[in-house]
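# Architecture at a glance
Chain residues, written in single-letter form:
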Amino acid sequence: MASKLLSLLAALPICINAAPNLLPRQDSGNTATVDLSVGARRGAPQNLASGVLYGIPDDPTQIPDNFYSDMGYNYARIGGAQLAEGGWSEGIDAYYARFNNTRDNYIQARKFGAKVIVLPHDIWGTDHANDSTVWPGDNGDWTNYDQYLDQLLGDLKANDMLDGLVYDTWNEPDGGYFWKRSQAQYLDLWSRTYQRIRQDSDLSGVWISGPSYAGTPNTGNDWWTNWAARIVADNTIPDQYTWHDEPGDVAVDIPQWQSIQSQYSLPNKEININEYATFDQQISAGAAWWISRLERYNLRGLRGNWLSGWQLRDFLASLLTKTDTNDYTGTGYAGNGEYNVYKYYYNNMTGERATTTSTGDGVMDVYATVGTDKARVLTGVLNQQGTWFITLNNLSALGLSTSGVLNIQTWGFDDAGHFGAVAGPSDRGVYGHQYDGDTVTFPVYQTSQDENTAWGFEFAVGG
Ligand SMILES: *[C@@H]1O[C@H](CO)[C@@H](O)[C@H](O)[C@H]1NC(C)=O
Ligand SMILES: *[C@@H]1O[C@H](CO)[C@@H](O)[C@H](O)[C@H]1NC(C)=O
Ligand SMILES: *[C@@H]1O[C@H](CO)[C@@H](O)[C@H](O)[C@H]1NC(C)=O
Ligand SMILES: *[C@@H]1O[C@H](CO)[C@@H](O)[C@H](O)[C@H]1NC(C)=O
C-alpha cells in the first residue's frame, strides 16, 4: 500500500507548476544537487563508510562470511569490550580473555582485507574499572602501563597481527567513561605510547590513530587544542586523525578541524570518524545520509554500536538480525533495512563518484555514482518527514540530450527496525521526468509510511 501511494506521489513532479499547493517552494535550503560533468568526478568508490565498531561474534565463524563480503566490510575496531573478564586491570588471565577475543576477531576481519583498529583501552578493561582502580601513569608511575604495552605489543607481534593494524591510542579520554584521570595524564599517555611504538622497528608498518575523542573538533575545546599543541611539541602526530560523531555532523566538524589544523600547522592525514551515528540514526535513511556526508569529505567511517553485552559483539553493529535475537549462539542471520543500503552502496554504486551538495538545511543528502550502464543516486533524509528535492545538473555529460524526458527508477530501502529483517529494496517504479536546460529537478517524499526509508534513484546513461 505504501509503495502504491508513493508511486502516485512520484507522479507529481511533472505537475510542479500545475499543483503548487501540494509542493513546498523549492530552494537551495531543501534541494540537494548532483553535478554529472566529467570534470567533477571524484574517483572510484572505496566504500569509505563501510566500517563497523565491534559486531563480530566471539565465535568469529558464527556470522556466515557472505554477510561481510556482500556489504564490502572494510574496517574493524575491536578489543573484547564488555566481556565478563575485565582485561589487564584484573590480571593476566582476564587480559588474555580480551586479547584472544581481539585476535580471533582480527583473523575474521582480515579475511575480507579489512584494516583492523585495536582498542587498548578495552584490553586494559576500562569497562570494569572505576575511579578507585589503577590507571596508566597514576601518581607519575608508568611501570604498570609500560608492562602492559610490552605485553600487548609483544602479543600482537607473536600472533602475527601487524598487517593492516591500526593502534588507537586510547578511546574517548575526554568522554568520562573510558578515562578517569586528568587531561594532563592522558597527554602524557599519548606521547609515551607513540614513542614506545615508533621506537620499535618491527612496528613501523602499524598505524597510530587518535585522539578518538567523544567531543567533535572545536577551537574552543581544550582537549582538542592542548592535544594539537602537544603532538606538535613532541612530534607525535598520528597516522590517522580520529573522532566520534554520536551525534555529530562532519559538515560542521571539518571546518572546525581545519581551523585547529592550520592554527597548529598539522599535516594532512586520513581522517576516520571511527564511531558515527546515534542509535536512532541507524535506520536505512540515516545510513544513506551518513554515507553521503562521509563520501563528500573523503572520510573513513565506522558505524557506532549501541547494543550491549554479547549483542555488542554480534550483528555487525545493528546491520543484522537472526531468528532468535536472544540466542547467543543462534544461527539464521538476515540483513535488516540498513544492511541493504550498504549492499547497494558496495555492489551497485560502481563507476566514478560525482560531486554532490547536501540540501542547505542539512536534512537530506545524496551520494551519486556514474557507471557505464547507469547513474545512481542514494538519498537519505535524517529523522524527519517532509518534501525535499534533488537537482541533477549537466545531464549531457552522460550522453543524454539537454532536454527531453528522463526515466528514473526508484528503489525504496525499507526499514523494519534494528532487528527487522528486510529481504531487499522495493521497486517503486519508473517515472518519466520532463526537463530542459540540461538539468532536472524531482521531489523526494519522506512520508509517515516511509519514515525511515532510504531511496535509490537510477537512470540509464546515454550511448
Ligand atoms: C556543469 O559542468 C561544468 C563543467 O564541469 C561546471 O563548470 C558547472 O559548474 C556544472 N554545472 C552545474 C550546475 O553543476
Ligand atoms: C588464549 O589463547 C591461547 C592460544 O590459543 C591459549 O593457550 C590460552 O589458553 C587462551 N587464554 C584464554 C584466557 O582464553
Ligand atoms: C571499583 O572497581 C573495583 C574492582 O572491580 C571494585 O572492587 C570496587 O568496589 C569499585 N569501586 C567503586 C567505588 O565502584
Ligand atoms: C544490485 O546489484 C546486484 C548484483 O549485481 C543485483 O543482483 C541487484 O539486482 C542490484 N540491485 C538493484 C537495486 O539494482
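Numbering of residues starts from 1 in each chain and follows the order in which that chain's sequence is written. Following the order in which they are written, the chains are lettered starting with A and the ligands numbered starting with 1. Local features in a predicted model are, by the rule used here, given only for residues with pLDDT of at least 70; side-chain atom pairs are given and counted only at 80 or more, and totals for whole chains, interfaces and linings are based on all residues. Side-chain calculation: all heavy atoms of the structure are included, whereas hydrogens and water are not.

An unreviewed UniProt entry annotates the protein as Glycoside hydrolase family 39 protein originating from Aureobasidium vineae.

## Topic: the overall build of the protein
Broken down by element type, the protein carries ten helices and 20 strands. Atoms considered for the radius of gyration are the C-alpha atoms alone. The globule rule reads 2.2 Å times the number of residues to the power 0.38. Taking 2.2 N^0.38 as the reference for a compact globule, 463 residues should give roughly 23 Å; the C-alpha atoms of the protein span a radius of gyration of 24 Å, in line with that estimate. Considered along the principal axes of its C-alpha atoms, the protein spans approximately 75 × 50 × 40 Å. Within the protein, the fraction of its 463 residues that count as buried is 56%. Contacts are assigned to residue pairs that have any heavy atoms within 4.5 Å of one another. Restricting to contacts in the protein with at least 6 residues of sequence separation, those with at least 24 account for 77%. For the accessible areas, the method is Shrake-Rupley and the probe is 1.4 Å, while residue cover comes only from the protein chains on display. Surface exposure of the protein reaches about 17,200 Å², of which carbon and sulfur atoms provide 47%. The charge count treats Lys and Arg as positive and Asp and Glu as negative. His and the chain ends do not count. All charge positions are set by atom: Lys at NZ, Arg at CZ, Asp at CG, Glu at CD. Distance between charge centroids for the protein: 4 Å, based on 29 positive and 53 negative side chains. To qualify as a helix, a DSSP run of H or I must reach at least 4 residues; to qualify as a strand, a run of E must reach at least 2; elements of each kind are numbered from the N terminus. Categorising residues by exposure relies on relative accessible area from a 1.4 Å probe, with only protein chains included: less than 20% of the type maximum marks a residue as buried, more than 50% marks it as exposed, and the intermediate range marks it as partly exposed.

## Some thoughts on the pattern of salt bridges
Salt-bridge detection follows one rule: a side-chain nitrogen of Lys or Arg within 4 Å of a carboxyl oxygen of Asp or Glu. Evaluated as defined, the whole model comprises 28 salt bridges. Notably, a salt bridge pairs Arg 181 with Asp 138, separated by 2.7 Å at the nearest N-O pair. With Arg 181 in the loop between strand E5 (165-168) and helix H6 (183-198) and Asp 138 in the loop between helix H4 (120-124) and helix H5 (143-158), the pair connects residues that are 43 residues apart, well separated along the chain. Residue classification places Arg 181 among the partly exposed residues on the basis of a relative accessible area of 24%. A cluster of three or more residues bridged by salt bridges with shared partners is formed by Asp 150, Lys 157, Arg 196, Asp 200 and Asp 202.

## Here's the deal with the domain arrangement of the protein
Residue ranges for the domains trace back to a domain assignment, done automatically or taken from a database. Partitioning the protein into domains gives domain 1 (2-44 + 354-460) and domain 2 (51-346). Spacing between the C-alpha centres of domain 1 and domain 2 amounts to 34 Å. With 34 residues of domain 1 in contact, the opposing surface of domain 2 contributes 33 residues. When two parts are put together, the accessible area they lose, computed with a 1.4 Å probe and summed over both, is reported as buried area. Of all residues in domain 1, the largest losses of buried area upon contact with domain 2 belong to Leu 382, His 418 and Phe 419, amounting jointly to 28% of the total for that side. Across the domain 1-domain 2 interface, the total number found is two salt bridges. Here Arg 293 and Asp 365 are joined by a salt bridge, their closest N and O atoms 2.8 Å apart. Contacts described as polar in this section are N or O atom pairs within 3.5 Å, which, within protein, must combine one atom able to donate a hydrogen with one able to accept it, while residues neighboring in sequence count only if both atoms come from side chains. Where domain 1 meets domain 2, there are 23 residue pairs in polar contact (both at pLDDT 80 or more). Mapped by element, the contributors of at least two residues to the side of domain 1 that touches domain 2 are strand E13 (355-357), strand E14 (364-370), strand E15 (374-381), strand E17 (404-413) and strand E20 (454-460).

## Here we look at the sheet that holds strand E12 (residues 352-353)
Strands sit in the order E12-E14-E15-E20-E17-E18 across an open sheet of six strands; the sheet is antiparallel. A single partner strand is all that each edge strand has here, and the edge strands are E12 and strand E18 (426-435). Inter-axis angles, ranging from 0 to 180 degrees, are taken between N-to-C directions of lines fitted to C-alpha atoms, where helices are fitted over the stretch in contact. Sheet strands touched by helix H9 (residues 284-296): E12, E14, E15, E17 and E20. Its angle to E14, the strand with the most contacts, is close to 65 degrees. The sheet contacts of helix H10 (residues 337-347) involve E14, E15, E17 and E20, and relative to E17 the element is tilted by about 135 degrees. In this analysis, strands are considered paired if DSSP registers two or more bridges between them.

## Describing the side chain of Asp 450
Here Asp 450 lies in the loop between strand E19 (439-446) and E20. A polar contact is formed between the side chain of Asp 450 and the side chain of Arg 428, at a distance of 3.0 Å.

## Description of the confidence of the model for the protein
Per-residue confidence from the predictor is given as pLDDT, running between 0 and 100. On average, residues of the protein score 95 in pLDDT, and 95% of them reach the 70 mark or higher. In the predicted structure, residues 1-20 sits below a pLDDT of 50 and forms 25 contacts with residues beyond four places in sequence or in another chain.

## Here's the deal with the packing of aromatic side chains
Two aromatic rings, drawn from Phe, Tyr or Trp (for Trp, its six-membered ring), form a pair once their centres lie within 6.5 Å of each other, and the interplanar angle then sorts them: stacked below 30 degrees, edge-to-face above 60, tilted otherwise. The final tally for this structure, using the stated rule, is 41 aromatic pairs. On the numbers, 6.4 Å between centres and 85 degrees between planes, the contact of Tyr 95 with Tyr 148 is edge-to-face. Residue Tyr 95 is located in helix H3 (residues 92-110), and its partner Tyr 148 is located in helix H5; the two are separated by 53 residues in the primary sequence. The class of Tyr 148 is buried, set by a relative accessible area of 0%. Seen in terms of ring centroids, Trp 124 and Trp 170 are 6.1 Å apart; in terms of plane orientation they differ by 70 degrees. Their pairing is edge-to-face. With Trp 124 in helix H4 and Trp 170 in the loop between E5 and H6, this residue pair connects regions lying 46 residues apart in the sequence. Taking relative accessible area as the criterion, Trp 124 reaches 0% and is therefore assigned buried. Any Lys NZ or Arg CZ found within 6 Å of a ring centre and within 35 degrees of that ring's normal is scored as a charge over the ring. The side chain of Lys 115 reaches across the aromatic face of Trp 207, ending 4.0 Å from its centre.

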